[in-house]
Amino acid sequence: MGYVYDDQNIFAKILRGEIPNNTVHETEHSLAFRDLYPQAPTHVLVIPKGPYVCFDHFAQTASEAEIVDYIRAVGEVCKAEGVEADGFRLIANAGNDGVQEVPHLHVHILAGRPLGRMLARA
């Protein structure tokens, strides 16, 4: 599948400084910030600074430095937020069926309460 990145998405605008955010962690290749509409007591989004649509796009085309930085940034956020002891959920939606709302790779780190089942049974 060929990915086409939309540089007008909200995360691209955040990365350009056009929209403010509540930064939790920033590195050379990654940015983590609090979700505006948290679904749990801890709800942080982690995005790469490069133009990647979804996780598989990132995994297939990002440089090793970007991949290592991004994965470590997720770990650093988990440590800083203190979610390691009680657990957390890491979510990365992709495409229409995955209900991806912003076409820029992002993972949600959710924690701070029991989160229930991952998917409702059909």
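It should be noted that the structure appears before, not after, this text.
Residues numbered from 1 in each chain as written. Predicted model: local features only at pLDDT ≥ 70, side-chain atom pairs only at ≥ 80, totals over all residues. Heavy atoms only, no water.

## Focus: the sheet that holds strand 1 (residues 23-26)
Strand order in the open sheet formed by five strands is 1-2-3-5-4, and the pairing between neighbours is antiparallel. Bordering the open sheet on either side are strand 1 and strand 4 (89-91), each of which pairs with just one other strand. Taken over all neighbouring pairs, the strand axes of this sheet differ in orientation by 20° on average, direction set aside. With five bridges connecting them, strand 2 (residues 30-34) and strand 3 (residues 42-48) associate as antiparallel partners. Across the sheet, the residue bridging to alanine 32 is valine 46, located in strand 3. The sheet strands contacting helix 3 (residues 64-81) are strand 1, strand 2, strand 3, strand 4 and strand 5 (107-111), and the helix crosses strand 3 at an angle near 160°. (Pairing = 2+ DSSP bridges. Helix = DSSP H or I, 4+ residues; strand = E, 2+ residues; numbered from the N terminus. Axes fitted to C-alpha atoms, helices over the stretch in contact; angles between N-to-C directions. Contact = heavy atoms within 4.5 Å.)

## What about the pattern of salt bridges?
Applying the stated criterion to the full structure yields three salt bridges. Note that arginine 16 and glutamate 18 form a salt bridge whose closest N and O atoms lie 2.7 Å from each other. Among the salt bridges present, the one from glutamate 26 reaches lysine 49, with a minimum N-O distance of 2.8 Å. Here glutamate 26 is found in strand 1, whereas its partner lysine 49 is found in the loop between strand 3 and helix 2 (55-61), with 23 residues between them in sequence. (Salt bridge = Lys/Arg side-chain N within 4 Å of Asp/Glu carboxyl O.)

## Quick word on helix 3
Between its first and last C-alpha, helix 3 extends 26 Å over 18 residues, near the 26 Å set by a 1.5 Å rise per residue. Regarding helix 3, the residues found buried are Glu66, Asp69, Tyr70, Ala73, Val74, Val77 and Cys78. Next to the buried residues of helix 3 lie strand 1, strand 2, strand 3, helix 2, strand 4 and strand 5. (Expected span 1.5 Å × (residues − 1). Buried < 20%, exposed > 50% of the residue type's maximum accessible area, 1.4 Å probe, protein only.)

## Some details on the layout of surface pockets
Estimates place the volume of the largest pocket at around 630 Å³. Along the wall of the largest pocket there are 26 residues; nearest its centre are Phe11, Asp35, Leu45, Glu101 and His108. Sorting the residues of the lining of the largest pocket by element identifies helix 1 (10-15), strand 2, strand 3 and strand 5 as the ones contributing at least two each. The leading source of residues in the lining of the largest pocket is helix 1, at three residues. When grouped by side-chain class, the residues that make up the lining of the largest pocket number 13 nonpolar, nine polar and four charged. (1 Å grid on protein atoms, 1.4 Å probe; cavity = no way out; pocket = protein on both sides within 12 Å on 5 of 7 lines; lining within 4 Å. Points joined across faces, edges and corners; volume = space filled by probe spheres on them. Nonpolar A, V, L, I, M, F, W, Y, C, P; charged D, E, K, R; others polar.)

## Remarks on unusual backbone geometry
Only a minority of non-glycine residues have a phi that is not negative, and only a minority of peptide bonds are not trans. Positive phi values are uncommon outside glycine, yet valine 99 reaches one of about 60°. Looking at the secondary structure, you find valine 99 in the loop between strand 4 and strand 5.

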